[in-house]
Structures are given as C-alpha cells and as structure tokens.
Amino acid sequence: MKIGVLALQGAVAEHIRSLEAAGAEAVAVKRVEELSELNGLVIPGGESTTIGKLMRRYGFMDAIRDFSAEGKPLFGTCAGLIVLAGKIEGQEDAHLELMNMTVARNAFGRQRESFETDLDVKGINEPIRAVFIRAPLIKSVGPEVDVLSTYKGEIVTARQGTLLAASYHPELTDDYRLHAYFLEMVKEAALAKA
Ligand code: GLN
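Residues numbered from 1 in each chain as written. Predicted model: local features only at pLDDT ≥ 70, side-chain atom pairs only at ≥ 80, totals over all residues. Heavy atoms only, no water.

Student: Honestly, the packing of aromatic side chains in this entry has me stumped. Any pointers?
Tutor: Note on aromatic pairs: each is described by the distance of the centres and the angle between the planes. Taken as a whole and assessed by the stated rule, the structure comprises eight aromatic pairs. Note on Phe108 and Phe115: the rings are 5.2 Å apart at their centroids and 70 degrees apart in plane angle, and the pair reads as edge-to-face. Residues Phe108 and Phe115 agree in their burial class; the two are buried. Ring geometry for Phe132 versus Tyr151: centroids 5.6 Å apart, planes at 35 degrees, classification tilted. Within this pair, whereas Phe132 is found in strand β8 (residues 128-133), its partner Tyr151 is found in strand β10 (residues 146-151), the two being separated by 19 residues in sequence. The class for Phe132 is buried, based on a relative accessible area of 0%. Three or more aromatic residues link up through ring pairs in this structure, and these residues are Phe108, Phe115, Phe132, Tyr151 and Tyr168. (Phe/Tyr/Trp six-rings, centres within 6.5 Å; stacked < 30°, edge-to-face > 60°. Buried < 20%, exposed > 50% of the residue type's maximum accessible area, 1.4 Å probe, protein only. Helix = DSSP H or I, 4+ residues; strand = E, 2+ residues; numbered from the N terminus.)

Listed below in structure tokens is the structure:
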C-alpha cells in the first residue's frame with residue numbers, strides 16, 4: 001500500500017516514519033498530480049489555517065474530496081482533524097467538510113498547551129501513547145461517526161467510514177499502532193474496490 005502525507009506544512013517526516021514502521025510505503029505529497037498513485041492520505045498536524053490556505057492555493061480542496069469520493073481513506077491528525085471537520089466552532093468557514101463533526105481549536109487552554117497520556121482506542125488492544133499539542137477537541141458528531149476514544153469525557157479519536165481523525169500526534173512516539181489501524185482501513189478500501 002502506498003500512503004501519501006500532505007506536505008504543505010506540519011509534521012510530515014514523522015508520519016512517513018510511522019507509516020513505514022507500520023509496513024506501508026510512504027511519500028510526501030506536494031502536488032495534486034501525486035494523489036493518483038496513492039491508496040490513502042494523511043493530513044498532518046501543524047496549523048490548520050495555514051494548511052487550509054495552502055490547500056486552496058494548490059488545488060487540493062477538490063482533489064482531496066475527489067480522492068475521498070473514490071473510496072480512498074484519509075487520516076487527519078491534530079490540525080489535519082480540523083481540516084477534515086464539517087464545522088469549526090467560532091469560524092464561518094471550514095475546510096474539507098468531509099466528516100460530520102464540529103471541532104473546537106486549541107481546546108485545552110493555556111495551562112495544558114501540550115501533554116502526553118495513554119489512551120484507550122476502540123479497535124486497538126492496549127492503550128496508545130498520545131501527544132497533545134495545542135490540540136483540538138471534537139465537540140459533537142453526527143450519527144454516522146464512530147467515537148473511538150475519549151479523554152476526560154471529550155472525543156479525541158473518531159472514524160466515519162474511510163475517514164479517521166485524531167486530536168493528538170500519534171506520529172511523535174514510537175507507538176505506530178494507530179498508523180497500523182489506518183493501514184488496515186486502506187487495505188479494506190483497496191479490497192472493496194478490487
Ligand atoms: N492549534 C493548531 C490549529 O488550530 C493545531 C495544533 C497541531 O496540529 N498541533 O490548527
């Protein structure tokens with residue numbers, strides 16, 4: 001399976017390393033033409049306003065919506081989760097608007113700008129190590145969205161069919177099991193198309 005990591009801004013190299021550790025071929029994606037050779041795409045953490053602006057500038061909005069409509073999975077982490085969301089609290093406009101959920105940016109406040117914790121994730125046996133950095137939260141989800149994990153009662157991992165979203169940075173630890181989970185989604189989607 002060949003997975004791309006959207007390389008406009010943010011934590012790209014770390015995702016490539018985790019995807020490779022999970023057994024995928026992984027490449028940085030800078031141009032829309034590169035999407036056609038991929039089975040799945042990661043939208044990394046960084047700064048969602050900047051990533052959104054660059055996505056619009058380089059034609060990625062429609063290209064990634066088409067990619068998703070072809071049944072190819074997307075995985076958004078932190079800022080990437082915000083990019084996937086249908087609604088962003090306090091903002092008029094969202095970005096890809098693919099997942100039926102409302103998110104709040106920088107939802108942990110100044111005191112807890114960044115921290116690490118162990119998280120139980122539905123579908124993964126033992127808790128995973130999660131690094132939160134100025135992280136968003138998922139405030140509400142539509143009926144088609146499956147909540148995979150919560151932290152102190154708030155939703156931090158969710159899946160809607162071929163779309164996976166995490167508030168935190170799974171790529172900043174040596175624990176690549178969430179990437180392995182995504183790789184399973186990509187394999188299932190590729191089989192479903194074959
Ligand atoms: N605070 C960032 C945003 O709102 C996300 C932070 C991150 O990706 N680590 O876009």
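Continuing now.
Student: Whenever I open this one, helix α2 (residues 48-57) confuses me. Can you help?
Tutor: Regarding α2, the residues found buried are Ser48, Ile51, Gly52, Leu54 and Met55. The arc that holds every buried residue of α2, seen down its axis, measures 165 degrees, which confines them to one face. For α2, exposure combined with an orientation more than 90 degrees from the buried face picks out Lys53 and Arg57. Taken together, the buried residues of α2 touch β1 (2-6), α3 (60-69) and α4 (79-84). For α2, the capping residue at the N-terminal end is Glu47, with a side-chain oxygen 3.2 Å from the backbone nitrogen of Thr49. Residue Gly59 follows α2 closely and has a positive phi angle near 80 degrees. (Arc of directions from axis to C-beta. Contact = heavy atoms within 4.5 Å. Polar contact = N/O pair within 3.5 Å; in protein donor to acceptor, adjacent residues only side chain to side chain.)

Student: Whenever I open this one, the pattern of salt bridges confuses me. Can you help?
Tutor: Side chains bearing opposite charge may pair, as long as their charged atoms lie close to each other. One pass over the full model with this rule turns up 16 salt bridges. The residue Arg65 makes a salt bridge to Asp62 at a minimum N-O spacing of 3.4 Å. Note that Arg65 and Asp62 are positioned in helix α3 at a spacing of three residues, about one turn of the helix. Assessed through its relative accessible area of 28%, Arg65 is described here as partly exposed. Given a relative accessible area of 53%, Asp62 falls into the exposed group. For Lys72, the salt bridge goes to Glu70, with nearest N and O atoms at 3.5 Å. When its relative accessible area of 42% is taken as the criterion, Glu70 is described as partly exposed. When salt bridges that share partners are traced, they join Lys2, Glu25 and Glu37 into one network. (Salt bridge = Lys/Arg side-chain N within 4 Å of Asp/Glu carboxyl O.)

Student: I tried to follow the environment of Leu19 on my own but got confused; where do I start?
Tutor: As for its placement among the helices and strands, Leu19 is situated in helix α1 (residues 12-21). Distance from Leu19 to Leu178, taken between C-alpha atoms, is 9.5 Å for residues 159 residues apart in sequence. Residue contacts for Leu19: discarding those within four places in its chain leaves Ile3, Val5, Ala24, Ala26, Val42 and His179.

Student: Can you walk me through α3 in this structure?
Tutor: Every α-helix carries 3.6 residues per turn, so stepping three or four residues along brings you back to the same face. Those residues of α3 not exposed but buried are Phe60, Met61, Ala63, Ile64, Phe67 and Ser68. As for α3, its buried residues are in contact with β1, β2 (25-29), β3 (40-43), α2, β4 (74-77) and β12 (163-166). Positive phi appears at Gly71, one or two residues downstream of α3, with a value of about 90 degrees.

Student: What is the right way to look at the environment of His179 in this model?
Tutor: The topology assignment puts His179 in helix α5 (residues 177-193). For His179, a relative accessible area of 0% translates into the label buried. For the pair His179 and Ala166, spaced 13 residues apart in sequence, the C-alpha separation works out to 11 Å. Residues contacting His179, with those up to four places away along its chain left out, are His15, Ser18, Leu19, Ala22, Phe75, Pro170 and Glu171. At a separation of 2.9 Å, a polar atom in the side chain of His179 contacts the side chain of His15.

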